[in-house]
Amino acid sequence: CSSSMLIVNKLAVAHIRAPAFVTFAQFAATALAVKVAHMANCIEVDSFDSRKLMHFSIYVVGFAAGTWTNMRVLMTTNVETVIVFRTIAPLAVAVFDYVFHGRDLPSLRSCLAMGIIVAGALSYVLNDKSFAVSGLRAYVWVVVWLCFLIFNLTYGKYLVSGLGVSSWTAVQYNNTLSMLPTLLFGLLGGEVDKLQAVEWTARGLLWLAASCVVGLGISYAGFKCQSLISATSYTIIGVLNKMLTVLVNTLMWDQHASAAGIASLLVCLAGGALYQQAPLRSDGPERSGLLNAKEESDLPPFPSGPSLSDNLHHRCDVESPEDFSESVRSEAARASPPSS
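Because the structure is a prediction, the values reported are computed rather than measured. (Residues numbered from 1 in each chain as written. Predicted model: local features only at pLDDT ≥ 70, side-chain atom pairs only at ≥ 80, totals over all residues. Heavy atoms only, no water.)

1. Points about the overall build of the protein chain
Rules: Only runs of H or I of at least four residues qualify as helices and only runs of E of at least two qualify as strands under DSSP, and these elements are numbered from the N terminus. For the exposure calls, accessible area comes from a 1.4 Å probe over protein chains only, and a residue counts as buried if that area is under 20% of its type's maximum, exposed if over 50%, partly exposed in between. A contact between two residues is defined here by any heavy atoms of the two lying within 4.5 Å. For every accessible area listed, the method is Shrake-Rupley and the probe measures 1.4 Å; residues are considered covered only by the protein chains on display.
On a plain count of helices and strands, the protein chain comes out with 16 helices and 0 strands. Taking all 340 residues of the protein chain together, 43% fall into the buried category. Long-range contacts, defined here as pairs at least 24 residues apart, represent 86% of the contacts in the protein chain between residues at least 6 apart. Carbon and sulfur atoms provide 66% of the accessible area of the protein chain, an area that totals close to 17,600 Å².

2. Topic: helix α5 (residues 108-127)
Stated formally: Here a helix's expected span is defined as the number of its residues, less one, multiplied by 1.5 Å. Working note: the arc is built from the helix axis to C-beta atom directions.
With 20 residues, α5 extends 29 Å from end C-alpha to end C-alpha; this agrees with the ideal 28 Å at 1.5 Å per step. If you check which residues of α5 are buried, you get S110, A113, M114, I117, G120, A121, Y124 and V125. Along the axis of α5, the buried residues cluster in a sector spanning 140°; they form a single face. More than 90 degrees from the buried face of α5, the exposed residues found are L108, L112, L122 and L126.

3. What to know about the packing of aromatic side chains
Each aromatic ring pair is summarised here by two numbers: the centre-to-centre distance and the angle between the ring planes. Which entries qualify depends on this criterion: Classification of ring pairs rests on two measures: the distance between centres of Phe, Tyr or Trp rings, Trp counted by its six-membered ring, which must be within 6.5 Å, and the angle between planes, read as stacked under 30 degrees, edge-to-face over 60 and tilted in between.
Counted according to the given criterion, the structure contains 11 aromatic pairs. Seen in terms of ring centroids, F96 and F100 are 6.0 Å apart; in terms of plane orientation they differ by 25°. Their pairing is stacked. With F96 and F100 both in helix α4 (residues 79-100) and 4 residues apart, the pair spans about one turn of that helix. What makes F100 exposed here is its relative accessible area of 51%.

4. As for helix α2 (residues 19-39)
When the terminal C-alpha atoms of α2 are compared, their 31 Å separation across 21 residues agrees well with the 30 Å that a helix rising 1.5 Å per residue should span. By the burial criterion, the buried members of α2 are P19, A20, V22, T23, A25, Q26, F27, T30, A31, V34 and A37.

5. Some remarks on unusual backbone geometry
Negative phi values dominate among residues other than glycine, just as trans dominates among peptide bonds. Of note, N41 is a non-glycine position whose phi angle comes to about 60°, a positive value. Within the secondary structure, N41 is located in the loop between α2 and α3 (50-76).

6. So, the nonpolar core
Note the cut-off: To define a nonpolar core, start from buried Ala, Val, Leu, Ile, Met, Phe, Trp, Tyr and Cys residues and group those joined through side-chain atoms within 4.5 Å.
Ranked by size, the top nonpolar core spans 26 residues in total, and within it V82, F85, V142, W145, L146 and L149 carry the most contacts. When residues no more than four places from it in sequence are discounted, the contact partners of V82 are L6, N70, V73, L74 and W145. Listed in part, the 18 residues of the second largest apolar core include F27, V165, V171 and Y173.

Shown next, in the form of structure tokens:
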């Protein structure tokens, strides 16, 4: 889904020059599809909860803004630029994984992999004709989108792991709550006038419908994947699955990058393939009590029965001091490991 989303969005906004409207349609279609499927008893979705609503409200502001800025980027630059800047995201997400999610810092191999990614990204920027013509101004919207992406990847991991919500519930919360800020973005961006000037064609409506279908798939797959792996690994996967996007984009548009730019992109993807997920720290939050529901269910049960201290307290009440002292020595001898 992620590989095809950029292509479908590119085609949708090419026919309907209103990115906020396209995004709003995707959110509304996904929320409606999940609601209908839940009413038909096809999927399980939790009812709305005030505490979860508060956390998701924070997330959807960044998510809606990130989706809208992504549409703006696709209107002004090529797809490879979006992909290369996404390859930089794991550098920041790895730090947030360490701080908030209890992961170790990346290993030497993973650091080398991310260094290769940065080198490829820098090489791409130097070979990008947009940079040569417009300078840093060509990347303003890309940088804004990247900041929202890093926030969404980091906070999204907390939502599916820390709050213990199911993937379909996360999809329902996210898409329902994202409609309002997306609508505001459209009004502030003057898209009412743009929609009145749009020439509605069957092909444009087809790509709009296709973007809604792919949006539903990527929404569920994204939350499901985030619940299973670390935020950094999820980011790396998002980078690697863009290879199909590059190949399709090269065949479909004349706005794709040069041969040197494509080679730089391949270097970035090769670095992503070298990355290894960092393990959980022994003192991290997920090891020190903040386990999600699945992790808690996988823990072995504590042994039942009275402990050594329970036996000693009981005997202190019923035995004489001499007998109690002898009992302490006997219990200690049985509890200590045999000497080798």
